[in-house]
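Geometric and topological summary
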Amino acid sequence: MKLGVIGAGLMGNGIAHVAALSGLSVVLMDVSQAALDKALATMGGNMDRQVKKAIITADDKTAALGRITTATGNDAFADCDIVIEAATENEEIKKKIFAGLPAVLKPDAILASNTSSIPITRLAAATDRPGRFIGMHFFNPVPMMALVEIIRGLATEDATYETVKALAERMGKTPVLAQDWPGFVVNRVLCPMINEAIQALMEGVGTVQAIDEGLKLGANHPMGPLELADFVGLDTLLSVMKVLHEGLGDPKYRPSPLLAKYVEAGWLGRKSGRGFYDYSTKPPTPTR
């Protein structure tokens, strides 16, 4: 089986990483050669850490990197059996990407999207193969996180689901089937919990430290909800909450005004250096 991956960012390079280690030939495509070069360097560094931890051998690393080819155009997907789109979480960008694929893909090739919140049925309808379209939502960081959500659209065929489920298992992941409702399974439960923690912070129920320590020690969570929000990215969290609110129409999914305010300020979490914590200090200090 040959796998194509669209997008060489955080998720795309992680998907290519685990796919190559599982023995698959991988084509990693991005319009930016610089992004591809960075992705290969990231994968090499992450595999080095796996070698040091004795998760893989040095020979495994060499073989895996040898299975990855890069490209800046869609023509490289001509002989791929499955192509996973891992571009930015923007519906119009994704639809534009899918529009450029029918001319090069094999008629029986499967298309999968790594979207965390955009409806699979709607994305599938914008392609030439809704029956062979499915959601395959990986979690960050992909080499470490065991879960893959597999989301069937209304038109997704049984054979498509079975093939993608087997692919996830081959990549060492545990697949969980989710129906095509806003947020799927994990974000439907997780993001409102984080949003509620932000709302509690806004209302003065507790400080950043009190809320995070409370959930870590009281609910045995490995990371507090505000720390997790910074890790996920506050802009991503806001986007998912908007999808839940608009898609389900229930006021309980309304994004916290404080979350929106942080995003307006450009305080997006770890990736911007500041969110509910200031990452210019060691250890990071609460910003509120």
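All values derive from a computational prediction rather than experimental measurement. (Residues numbered from 1 in each chain as written. Predicted model: local features only at pLDDT ≥ 70, side-chain atom pairs only at ≥ 80, totals over all residues. Heavy atoms only, no water.)

**Quick look at the packing of aromatic side chains**
Think of a pair of aromatic rings as described by two things: how far the centres are apart, and how the planes are tilted against each other in angle. Summed over all chains, the structure comprises four aromatic pairs. Note on tyrosine 262 and tryptophan 267: the rings are 5.3 Å apart at their centroids and 90 degrees apart in plane angle, and the pair reads as edge-to-face. Summarising the aromatic geometry, the rings of tyrosine 262 and phenylalanine 276 are spaced 4.6 Å apart at their centres and angled 25 degrees between planes, so their arrangement reads as stacked. Taken as a pair, tyrosine 262 in helix H11 (residues 257-265) and phenylalanine 276 in the loop between H11 and strand E9 (277-278) lie far apart in primary sequence, 14 residues in all. Relative accessible area serves as the criterion here: at 0%, phenylalanine 276 is assigned to the buried category. One aromatic cluster in this structure is built from Tyr262, Trp267 and Phe276. Taking the ring centre of tryptophan 267 as reference, the NZ or CZ of arginine 274 above it sits at 4.3 Å. (Phe/Tyr/Trp six-rings, centres within 6.5 Å; stacked < 30°, edge-to-face > 60°. Helix = DSSP H or I, 4+ residues; strand = E, 2+ residues; numbered from the N terminus. Buried < 20%, exposed > 50% of the residue type's maximum accessible area, 1.4 Å probe, protein only. Lys NZ or Arg CZ within 6 Å of the ring centre and 35° of its normal.)

**Thoughts on the sheet that holds strand E5 (residues 110-113)**
Here eight strands make up an open sheet; going across it, the order is E3-E2-E1-E4-E5-E6-E7-E8 and the pairing mixed. Looking at which strands have only one partner, the edges of the open sheet turn out to be strand E3 (68-71) and strand E8 (174-179). Strand-to-strand twist in this sheet, taken as the mean axis angle between neighbours without regard to direction, amounts to 25 degrees. Sheet contacts for helix H1 (residues 10-21): strand E1 (2-6), strand E2 (25-29), E3, strand E4 (82-85) and strand E6 (133-138); angle to E2, the most-contacted strand, approximately 170 degrees. (Pairing = 2+ DSSP bridges. Axes fitted to C-alpha atoms, helices over the stretch in contact; angles between N-to-C directions. Contact = heavy atoms within 4.5 Å.)

**Side note on the pairing of E2**
Of all five residues that make up E2, four are buried, and the element is covered over most of its length. Here E1 runs beside E2; their pairing, made up of five bridges, is parallel. In the strand pairing of E2, lysine 2 is matched with serine 25. Read as a crossover between parallel neighbours, the route from E1 over H1 to E2 is right-handed. As paired strands, E2 and E3 are joined by four bridges and run parallel to one another. In the sheet register, valine 26 faces E3, and the bridge partner there is isoleucine 68. (Right-handed = clockwise from strand over helix to strand, strands pointing away.)

**Things to note about the UniProt feature "domain: 3-hydroxyacyl-CoA dehydrogenase C-terminal" (unreviewed entry) in the protein**
UniProt's entry tags residues 183-279 with the feature "domain: 3-hydroxyacyl-CoA dehydrogenase C-terminal" (unreviewed entry), counted in the numbering of this structure. A distance of 29 Å separates the end C-alpha atoms of residues 183-279, which is 62% helix and 2% strand. (UniProt positions renumbered as here; feature names shortened; annotations may be inferred.)

**Overview of the environment of glutamate 149**
Structurally, glutamate 149 is set in strand E7 (residues 147-152). The spatial distance from the C-alpha of glutamate 149 to the C-alpha of valine 104 is 27 Å, given a sequence separation of 45 residues. Looking at glutamate 149, its side chain comes within polar contact range of the main-chain nitrogen of valine 185, at 2.9 Å. (Polar contact = N/O pair within 3.5 Å; in protein donor to acceptor, adjacent residues only side chain to side chain.)

**Concerning the UniProt feature "domain: 3-hydroxyacyl-CoA dehydrogenase NAD binding" (unreviewed entry) in the protein**
Mapped onto this structure's residue numbering, the UniProt feature "domain: 3-hydroxyacyl-CoA dehydrogenase NAD binding" (unreviewed entry) falls at residues 2-180. Across residues 2-180 one finds 39% helix and 22% strand; the C-alpha atoms that close the span lie 27 Å apart.

**Considering the layout of surface pockets**
One number sums up the size of the second largest pocket: a volume of about 340 Å³. Lining the second largest pocket are 15 residues, and of these Asn46, Arg49, Pro141, Pro143 and Met144 lie nearest its centre. Put simply, the parts of the chain that give the lining of the second largest pocket at least two residues each are H1 and helix H2 (33-52). When residues of the lining of the second largest pocket are assigned to their parent elements, the largest contribution, four residues, is made by H2. The class makeup of the residues in the lining of the second largest pocket is seven nonpolar, six polar and two charged. (1 Å grid on protein atoms, 1.4 Å probe; cavity = no way out; pocket = protein on both sides within 12 Å on 5 of 7 lines; lining within 4 Å. Points joined across faces, edges and corners; volume = space filled by probe spheres on them. Nonpolar A, V, L, I, M, F, W, Y, C, P; charged D, E, K, R; others polar.)

**Overview of unusual backbone geometry**
Residue asparagine 140 is joined to proline 141 through a cis peptide bond whose omega torsion reads -5 degrees. The omega torsion of the bond from lysine 282 to proline 283 falls at -5 degrees, within 30 degrees of zero and hence cis. Locating proline 283 in the fold gives a position in the loop between E9 and strand E10 (285-286). A positive phi angle, close to 60 degrees, is found at asparagine 220, a residue other than glycine.

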